[in-house]
Amino acid sequence: PHLMPYLAQLADEVPHVVVVADRSGADILIADPVGLVAEESVEGSHQHPLHKTSTEEWSTLHFQHRVENAWAENARDVAAEVAHRVRRLGAELVVVAGDERERTLITDGLAKQLPKGVDAVGVDAGGRAAGSSTEALAGAVHEAVLDRVREQRDQALEKLREAVGRHDGAVTDTPAVCEALRRAQVASIVLRDDPASTAMSWVGPEPLQLGLSADEVEALGVDQPVQDRLDAAIVRALVYSDADLVVSPELPPPARQGVAALLRYTDAATPTG
């Protein structure tokens, strides 16, 4: 099977957690790029009192203060549980929906607990109450995920531009990318999404045995290299060498052949281009 169209589709998703909160707790939906992984509910440890009164007597104000404390404690309980789920899943984004006050409390709490690079964003859609729009929530989550994907893509492209500008840490033509892959030197492949591409490569039985000619692969000790799609060979090599894949509609001008690589390291034998 040809994997690149599937991987290009997955490039518009990131593993994420959706939190739909009210003042007593939250529903938590955990999703990876393939789809929903789990759904569960968390109830805060303070279920009473949760509702304020309307008078201003001292005793009532004291009661209202207890209510606000209960909201804050429940938000802390939810934030702690969500942070645990994020670390376990390796999520890259938390989307918090539901009650506005609780949403703010949870988002603020998560800012102190989430791993570096993981963001928590609030969306003004959805809720735990009966009749809340699941369609509006799904749309808001989708937009938040796309914003995160675009941000990550822009960061990768900016790193590529910077590396190209200083002539260190990146290669931007296909032969140099193949050489860097063979050496397990690639941190990230940046690939233009081109379903019509017919670019081919030669490969051996091992994932890092690839090149643009049969002679190139035979030089690696392969007796009978075979042809395969270039993007398929690149995917195998990056998976084997634990490199990342960034799929982008366009690449910076130096990467005219539609592929570039950010490198883990450079040395005297590092390919140029």
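Undergrad: Sorry if this is basic, but what is going on with the overall build of the chain here?
TA: For the chain, the helix and strand inventory stands at 7 helices and 12 strands. When burial is assessed residue by residue, the chain has 42% of its 273 residues classed as buried. Carbon and sulfur atoms make up 51% of the accessible area of the chain, which totals about 14400 Å².

Undergrad: Please explain the pattern of salt bridges as it appears in this structure.
TA: Oppositely charged side chains can form a pair if their charged atoms are brought close together. Per the stated rule, a full pass over the model turns up 13 salt bridges. The partner of Asp267 in a salt bridge is Arg183, with the nearest N and O atoms 3.0 Å apart. Residue Asp267 is found in the segment after β12 (259-263), and its partner Arg183 is found in the loop between α5 (174-182) and β7 (186-192); the two are separated by 84 residues along the sequence. With relative accessibility at 35%, the residue Asp267 sits in the partly exposed group.

Undergrad: Looking at this model, I keep getting lost on helix α3 (residues 100-111). Mind explaining?
TA: Since the α-helix advances by 3.6 residues per turn, residues separated by three or four positions end up pointing in the same direction. For α3, spanning 12 residues, the distance from its first C-alpha to its last is 17 Å, which sits close to the expected 16 Å at 1.5 Å a residue. A side-chain oxygen of the first residue of α3 lies 3.2 Å from the backbone nitrogen of Arg101; this N-cap is Asp99.

Undergrad: I'm lost on the sheet that holds strand β8 (residues 200-203) in this one. Help?
TA: Within a sheet, each strand pairs with its neighbour through backbone hydrogen bonds, oriented either parallel or antiparallel. Taken together, 3 strands build an open sheet; the order of strands is β9-β8-β10 and the sheet is antiparallel. With one partner strand each, in any of the chains shown, β9 (210-211) and β10 (226-229) form the two edges of the open sheet. Pairing of β8 with β9, which is carried by 2 bridges, proceeds in the antiparallel orientation. Note on β9: the bridge partner recorded for Val203 is Leu210. Lying on the sheet, helix α7 (residues 230-240) is in contact with β8, β9 and β10; it crosses β10 at an angle near 90 degrees.

Undergrad: Would you mind showing me how to read the side chain of Thr174 here?
TA: As for its position among the elements, Thr174 is in helix α5. Those residues in contact with Thr174 that lie beyond four places of it in its chain are Leu212, Leu230, Gln257 and Val259.

Undergrad: Quick question: what am I supposed to make of the nonpolar core here?
TA: Considering soluble globular proteins, one finds that nonpolar side chains tend to be buried as a cluster. Counting 21 residues, the largest nonpolar core has Leu181, Val186 and Ile189 as the members making the most contacts within it. Those elements that provide at least two residues to this core are α5, β7, α7 and β12. In contact with Ile189, other than residues within four places in its own chain, are Val177, Leu181, Ile234, Leu238, Asp244, Leu245, Val246, Val259, Ala260 and Ala261. Core analysis: the next-biggest nonpolar cluster, separate from the first, contains 20 residues, Val19, Ala21, Val78 and Val82 among them.

Undergrad: Could you clarify how one ought to interpret the layout of surface pockets in this entry?
TA: The gaps left among the atoms become clear once a water-sized probe is rolled over them. Approximately 400 Å³ is the volume found for the second largest pocket. For the second largest pocket, the lining is made up of 20 residues, of which Val18, Leu29, Leu137, Ala138 and Val141 are closest to its centre. Elements that contribute at least two residues to the lining of the second largest pocket include exactly β1 (16-22), β2 (25-32), β3 (35-43) and α4 (134-165). Ranked by residues supplied to the lining of the second largest pocket, first place goes to α4 with 6 residues. Classifying every residue of the lining of the second largest pocket gives 11 nonpolar, 6 polar and 3 charged.

Undergrad: What's the story with the confidence of the model for the chain in this structure? I'm lost.
TA: Scored by pLDDT, the chain has a mean of 83; 84% of the residues are at 70 or more. Put simply, helix α1 (residues 4-10) is where the chain has its lowest mean pLDDT, 68, and β9 is where it has its highest, 96. Confidence drops under pLDDT 50 across residues 46-55; counting only partners more than four residues distant or on other chains, this segment forms 27 contacts.

Undergrad: Explain the environment of Gly109 here, please?
TA: The residue Gly109 is located in helix α3 in this model. For the pair formed by Gly109 and Ala120, sequence separation is 11 residues and the distance between their alpha carbons is 9.6 Å.

Undergrad: Just to check I follow, could you spell out the sheet that holds strand β6 (residues 170-171) for this structure?
TA: Read across the sheet, 4 strands follow the order β6-β12-β7-β11 without closing on themselves; strand pairing throughout is mixed. Taken across any chain shown, the strands that pair with only one partner, and hence form the sheet edges, are β6 and β11 (244-248). Relative to β12, β7 runs antiparallel, the two sharing 5 bridges. What sits directly across from Ser188, in β12, is Leu262. Contacting β6, β7 and β12, α5 runs over the sheet at an angle of about 40 degrees to β12.

What counts, and where the lines are drawn
Residues numbered from 1 in each chain as written. Predicted model: local features only at pLDDT ≥ 70, side-chain atom pairs only at ≥ 80, totals over all residues. Heavy atoms only, no water. Helix = DSSP H or I, 4+ residues; strand = E, 2+ residues; numbered from the N terminus. Buried < 20%, exposed > 50% of the residue type's maximum accessible area, 1.4 Å probe, protein only. Areas by Shrake-Rupley, 256 points an atom, 1.4 Å probe, with all protein chains shown as cover. Salt bridge = Lys/Arg side-chain N within 4 Å of Asp/Glu carboxyl O. Expected span 1.5 Å × (residues − 1). Polar contact = N/O pair within 3.5 Å; in protein donor to acceptor, adjacent residues only side chain to side chain. Pairing = 2+ DSSP bridges. Contact = heavy atoms within 4.5 Å. Axes fitted to C-alpha atoms, helices over the stretch in contact; angles between N-to-C directions. Core = buried A, V, L, I, M, F, W, Y, C linked by side-chain atoms within 4.5 Å. 1 Å grid on protein atoms, 1.4 Å probe; cavity = no way out; pocket = protein on both sides within 12 Å on 5 of 7 lines; lining within 4 Å. Points joined across faces, edges and corners; volume = space filled by probe spheres on them. Nonpolar A, V, L, I, M, F, W, Y, C, P; charged D, E, K, R; others polar. pLDDT = per-residue confidence, 0-100.

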